[in-house]
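Examining the three-dimensional arrangement
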Amino acid sequence: MIEKTSTLQKVIEAVEALDIDAQILLIDIITKRLNQQRRNELLKEVAQAQHDYEQGNVRRGSVEDLMGELED
């Protein structure tokens, strides 16, 4: 954990050494990359859900149906 903190601190210091325009550009780049990573994760989750549905591993019903199954 100390090593990660040290690395993170070094990165923060490097970013602070940049001029303000470069810092803004860096934030924009990182934000876009994080958004893309999240989209990719969501696409994987959707593909898995579709696969599970096609394999019959997903059931549909109301909350009442679920509660009834939990009581059994």
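Whatever comes next refers back to the structure up there.
Residues numbered from 1 in each chain as written. Predicted model: local features only at pLDDT ≥ 70, side-chain atom pairs only at ≥ 80, totals over all residues. Heavy atoms only, no water.

1. Description of the overall build of the protein
Per the secondary structure count, the protein includes three helices and zero strands. Written out in order from the N terminus, the α and β elements of the protein read α-α-α. Its C-alpha radius of gyration of 22 Å places the protein more than 25% over the 11 Å reference for a compact globule of 72 residues. Considering only C-alpha atoms, the protein reaches an extent of 60 × 25 × 20 Å along its principal axes. The buried share among the 72 residues of the protein stands at 0%. Summed over its atoms, the accessible surface of the protein is roughly 7,000 Å², and 57% of this surface lies on carbon and sulfur atoms. Charge-centre separation for the protein: the mean point of 9 positive side chains lies 7 Å from the mean point of 15 negative side chains. (Helix = DSSP H or I, 4+ residues; strand = E, 2+ residues; numbered from the N terminus. Rg over C-alpha atoms; globule rule 2.2 N^0.38 Å. Buried < 20%, exposed > 50% of the residue type's maximum accessible area, 1.4 Å probe, protein only. Areas by Shrake-Rupley, 256 points an atom, 1.4 Å probe, with all protein chains shown as cover. Lys, Arg positive; Asp, Glu negative; His and termini not counted. Charge placed at Lys NZ, Arg CZ, Asp CG, Glu CD.)

2. A short note on the pattern of salt bridges
Inspection of every chain in the model, using the stated rule, returns four salt bridges. Residues Lys32 and Asp28 are paired through a salt bridge, measuring 3.3 Å at the closest nitrogen-oxygen approach. Highlighted residues: Lys32 and Asp28, both in helix 2 (residues 20–54), separated by four residues, approximately one helical turn. Close ionic contact of Arg38 with Glu41 constitutes a salt bridge, the shortest N to O distance being 3.1 Å. (Salt bridge = Lys/Arg side-chain N within 4 Å of Asp/Glu carboxyl O.)

3. Thoughts on a nonpolar patch on the surface
Nonpolar side chains collect at one region of the surface, where Val63, Leu66, Met67 and Leu70 lie side by side and expose about 400 Å² of accessible area between them. Within the fold, Val63 resides in helix 3 (residues 63–71). Its relative accessible area of 57% is what places Val63 among the exposed residues. (Patch = residues over 30% accessible without salt bridge, like charges linked within 9 Å, V, L, I, M, F, W, Y side chains within 5 Å.)

4. Section: helix 2
Spanning 35 residues, helix 2 covers 51 Å between terminal C-alpha atoms, matching the ideal 51 Å at 1.5 Å per step. By the N-cap criterion, in which a side-chain oxygen at the helix start approaches the backbone nitrogen of a residue two or three places on, helix 2 is capped by Asp19, the distance to Asp21 being 3.0 Å. In the segment just after helix 2, Gly56 is the residue with positive phi, at about 80°. (Expected span 1.5 Å × (residues − 1). Polar contact = N/O pair within 3.5 Å; in protein donor to acceptor, adjacent residues only side chain to side chain.)

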